[in-house]
Structures are given as C-alpha cells and as structure tokens.
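Commentary on secondary and tertiary structure
Given next are the chains, with one letter for each unit.
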Amino acid sequence: MTAKSDDARAACPRPGDLLTIGQLSARSGLAHSALRYYESLGLIQATRTSGGQRRYSRGTLRRIAFVRAAQRVGLSLDEARDALDRLPERPAPSGTEWDRVATAWQDRIDEQIAELERLKARLTGCIGCGCLSLTRCALHNADDRLGRAGPGAHYLHTHDPAAELDGER
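These notes cover the structure that comes with them. Note that the structure is predicted; figures quoted are calculated from it, not measured. (Residues numbered from 1 in each chain as written. Predicted model: local features only at pLDDT ≥ 70, side-chain atom pairs only at ≥ 80, totals over all residues. Heavy atoms only, no water.)

When helices and strands are counted, the chain shows seven helices and two strands. Going from the N terminus to the C terminus, the chain shows its helices and strands as α-α-α-β-β-α-α-α-α. Of the roughly 12,000 Å² that the chain leaves accessible, carbon and sulfur atoms contribute 53%. (Helix = DSSP H or I, 4+ residues; strand = E, 2+ residues; numbered from the N terminus. Areas by Shrake-Rupley, 256 points an atom, 1.4 Å probe, with all protein chains shown as cover.)

Put into structure tokens, the structure is as follows:
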C-alpha cells in the first residue's frame, strides 16, 4: 500500500474536516459562482478562515442536494430556502420533518401536473388548426383583450383601451 501525497489528502478530506469551495464544487457538481450565489441567498453558510477563505461543513452537501431536488420539482430558490428554514440545523431532519416538506412538494407537483394538463389540452386543439396567428391563437394570445383594440402600445394613449373595448369611454 502506498502513502497518499499531500495533494491527494487535500482532495479527500476526513469526515470531520471542513470543505473548501473547490472541494464542495467538485462534490456537488455546482460551479464556484453558484455556491457563492447560494450563500448570498442564505441557502448555505460558510465560515471564513483568518485569510478570508470559505470553509463549508460536510452537511452543506446535504443542503445543496435538497435545493437541487426542490428545483427539479419546480420550486424557486426562495421556496427552497423557506423549506430549509423550517428544518432543523442538525445534519439530518427526522422522518416527520421530511414528511412535512415532501407533502408540500407533492401539492406543488400536483399543481404543476394540472397546469401541464391544461396546456396539453390547449396544444391538442392547435394541432391541425393551422392558424399560426399570434393575434387569434388561444395558446399564444390567451384572453388578450387589448389585442382587439388593434396594434400598438395602447397604454401610452391617454384613454384606457380596455375600458373602450368594454363599451366604456
């Protein structure tokens, strides 16, 4: 068995070690800039060395995995942060705590599925239509009341074109 070089030891920290931003980037698959952005949003936290370098606890990897899972189900970074804020700081939430988050995510996924079903129904109506019209297409111009007033920047006029369409003036 050969001894590891100092470089190899630096790349593979021991369990209690803090991770550098490079190590966290390599382990999480996120760019350094993304990690700094996550930190600015309060999604992850770093301590600083006396030289100002960031150091992350190993639990940060779990937080990043959580954020990326949240993004995959369509949550914004703000929503992911809100969910993380409801979880304890210790490394692993309890089953009950995870169940609360998972239930909220399931509701969100159900909403997304319903929205996609509505979009699918509209798109199905477009197949074979052939209108290719941005002024009449129910998919691209859904409920566009101002479009009936004709072309142009209607809100730059002195009157309210939406009221004019409704017979008011």
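Taken N-terminus to C-terminus, the directions of helix H4 (residues 59-72) and helix H5 (residues 77-85) make an angle of 130°; their axes are 9 Å apart at the nearest point. Here H5 runs oblique to H4, going by the angle between their axes. Helix-helix and strand crossings are classified by hand; for H4 and H5 the assignment is right-handed. Between H4 and H5, the contacting residues are Arg63, Phe66, Val67, Ala70 and Gln71 on the first element and Leu77, Ala80, Ala83 and Leu84 on the second. In terms of residue class, the contact of H4 with H5 is built from seven nonpolar, one polar and one charged. (Axes fitted to C-alpha atoms, helices over the stretch in contact; angles between N-to-C directions. Parallel < 35°, antiparallel > 145°, perpendicular 65-115°, else oblique. Left-handed = near helix turned anticlockwise from the far one by under 90°. Contact = heavy atoms within 4.5 Å. Nonpolar A, V, L, I, M, F, W, Y, C, P; charged D, E, K, R; others polar.)

Next up on the list: the pattern of salt bridges. Under the defined criterion, the tally for this structure stands at four salt bridges. Between arginine 54 and glutamate 39 there is a salt bridge, with its nearest N and O atoms 2.7 Å apart. Of this pair, arginine 54 sits in strand E2 (residues 54-55) while glutamate 39 is found in helix H3 (residues 32-41), placing the two residues 15 residues apart along the sequence. The salt bridge involving glutamate 79 is made with arginine 108; its shortest N-O contact spans 2.6 Å. In this pair, glutamate 79 is assigned in helix H5 and arginine 108 in helix H6 (residues 95-126), connecting sequence segments 29 residues apart. The partly exposed category is assigned to glutamate 79, whose relative accessible area is 31%. (Salt bridge = Lys/Arg side-chain N within 4 Å of Asp/Glu carboxyl O. Buried < 20%, exposed > 50% of the residue type's maximum accessible area, 1.4 Å probe, protein only.)

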